[in-house]
Amino acid sequence: GYADDGSRLWLDYKPVPPPVKLQLMNDFNSIVADTSNVTLKIAAIEFQNAFYAFTGVEIPIKKRGSSASLILKTGKLSGKSKDEFSIRKNSRQTIVESPSEVGILYGTFYLIRLIQCGDYHSNLSVEQLPSYQLRMLNHWDNPDGTVERGYAGHSLWKWDELPLVISPRYAEYARANASIRINAMVPNNVNASPSMLTSGFIVKLQALANVFRPYGIRLFVAINFSSPRAIGGLDTSDPQNPEVQKWWNNKTTEIYRHIPDFGGFLVKANSEGLPGPQDYGHTHAQGA
C-alpha cells in the first residue's frame, strides 16, 4: 500500500483498542437523522464511517426510530448561538442536539474526537458554545494558481476548471474545516486581482460556495479597491463618486444573486502599494 500522505488530517480514523471497541459495540447500533437535509446526512455518514473504521462494523442510518442509539436532532438550547450543541448520553441513547444542522455536524465531529482521544465514557454530558461567531480562514491564492508566500505547491482552487469541474478536494477541505468549526473563508489573496469580481469569476465562486454551504462555511472574497476602474469601464474608483457607488451596488447584487449567503468583501486598501480611498483623499471609513 501507500504511505499516509497526511491529507486526511485528524479525520484519518483508525481501529480502537478492544475494550473501547466492545463499549462502542454495546452503545451504538444505529443512527437516526433526517437525511433529507444534506448537512444532517453528512453528519450521519461521518459517524457511520468513523464507527466502521473504529470497529469494523457498519451501523445503519434511519430517518426515524426511538430505539436508535445515536440520535442527531435539532432543538432549542440556550439560544445564544445557532452553532452551539450538546451531547447527552443515557443508558439507551446518545443524543447530539443543536438549534442548527451545522451545529449537529460540529457535535458529531466532537463525539468522534472524544472516541479517538479515549475520552468517551458512559456518563457523557457535553455543552459547547462558540466564543466567536465568525471563524475564518484567509487564503493568499492567486487566479493563476500561485500562492503568495505559499510553501506547499499550487493553489487548491482550479480556477481554469471551475465551474464545470468540481474537484473532490473541495469537499474534503470543507469537511476538515467543519471538523474544527471554521465557518467562513476567503479563497483569494488580499493583494487581490480585479478579475475576481468579473462575471466569469463570480460563477466560479458560486461553485465553491455550493460545495461549502452544507458544511456551514460562508464564502467571502478579497477585492481590489480599483475594480470599478479596472474592470467596470469607469475612469475613477473614488468611493464618493455616484457612478462608482452604483457600480459597487450592482456588482454586490450580482454576487448575491449567485451566492445568497455570501459573507462579504475583504479589502486591503492603501497598504504595500495597493489602491484605496486615500488615493482620493478619503479615510478608510469613507471608503468602506
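Before any of the text, the structure's been laid out above.
Let me sum up the structure you'll find in this document. (Residues numbered from 1 in each chain as written. Predicted model: local features only at pLDDT ≥ 70, side-chain atom pairs only at ≥ 80, totals over all residues. Heavy atoms only, no water.)

## Section: the sheet that holds strand E2 (residues 61–62)
In spatial order, the strands read E2-E1-E3-E5-E4-E6; together these six strands make up an open sheet with mixed pairing. The open sheet is flanked by E2 and strand E6 (125–128), the only strands paired with a single partner. Examined bridge by bridge, strand E1 (residues 31–32) and strand E3 (residues 70–74) share two bridges and lie parallel to one another. Opposite Val-32, over in E3, you have Ile-71 as the bridge partner. (Pairing = 2+ DSSP bridges. Helix = DSSP H or I, 4+ residues; strand = E, 2+ residues; numbered from the N terminus.)

## What about helix H2 (residues 38–55)?
With 18 residues, H2 should reach 26 Å at 1.5 Å per residue; the first-to-last C-alpha distance of 26 Å fits that figure. Of all the residues in H2, the buried ones are Thr-39, Leu-40, Ile-42, Ala-43, Ala-44, Glu-46, Phe-47, Gln-48, Ala-50, Phe-51, Phe-54 and Thr-55. Buried positions along H2 lie against helix H1 (18–27), E1, E2, E3, helix H3 (101–116) and helix H4 (168–179). Capping of H2 at its N-terminal end is provided by Asn-37; its side-chain oxygen lies 3.0 Å from the backbone amide nitrogen of Thr-39. Remark: Gly-56 follows H2 within two positions and exhibits a positive phi of approximately 80°. (Expected span 1.5 Å × (residues − 1). Buried < 20%, exposed > 50% of the residue type's maximum accessible area, 1.4 Å probe, protein only. Contact = heavy atoms within 4.5 Å. Polar contact = N/O pair within 3.5 Å; in protein donor to acceptor, adjacent residues only side chain to side chain.)

## Considerations on the nonpolar core
Phe-28, Phe-47, Leu-72, Leu-111, Trp-157, Phe-212 and Leu-219 are the most contacted members of the largest nonpolar core, which has 64 residues in total. Listing elements by their share of this core, those giving two or more residues are H2, E3, strand E4 (85–89), H3, H4, helix H5 (199–212), strand E9 (218–223) and helix H7 (242–258). Counting residues per element, this core draws most heavily on H3, at 10 residues. Each residue touching Leu-72, except ones within four places of it in the same chain, is listed here: Ile-31, Val-32, Ala-33, Leu-40, Ala-43, Ala-44, Val-96, Ile-104 and Thr-108. Membership of the second largest hydrophobic core comes to five residues, among which are Ala-184, Val-186, Ala-192 and Phe-220. (Core = buried A, V, L, I, M, F, W, Y, C linked by side-chain atoms within 4.5 Å.)

## Notes on the layout of surface pockets
Approximately 330 Å³ is the volume found for the largest pocket. Forming the boundary of the largest pocket are 14 residues, of which Ile-223, Phe-225, Trp-248, Gly-287 and Ala-288 lie nearest the centre. Those elements giving two or more residues to the lining of the largest pocket turn out to be H7, strand E10 (264–267) and helix H8 (284–287). Taken together, the residues of the lining of the largest pocket break down into nine nonpolar, five polar and no charged. The computed volume of the second largest pocket comes to approximately 290 Å³. What lines the second largest pocket is simply Ser-7, Arg-8, Leu-9, Leu-11, Leu-156, Arg-169, Glu-172, Tyr-173, Arg-175, Ala-176 and Asn-177. Residue classes in the lining of the second largest pocket are distributed as five nonpolar, two polar and four charged. (1 Å grid on protein atoms, 1.4 Å probe; cavity = no way out; pocket = protein on both sides within 12 Å on 5 of 7 lines; lining within 4 Å. Points joined across faces, edges and corners; volume = space filled by probe spheres on them. Nonpolar A, V, L, I, M, F, W, Y, C, P; charged D, E, K, R; others polar.)

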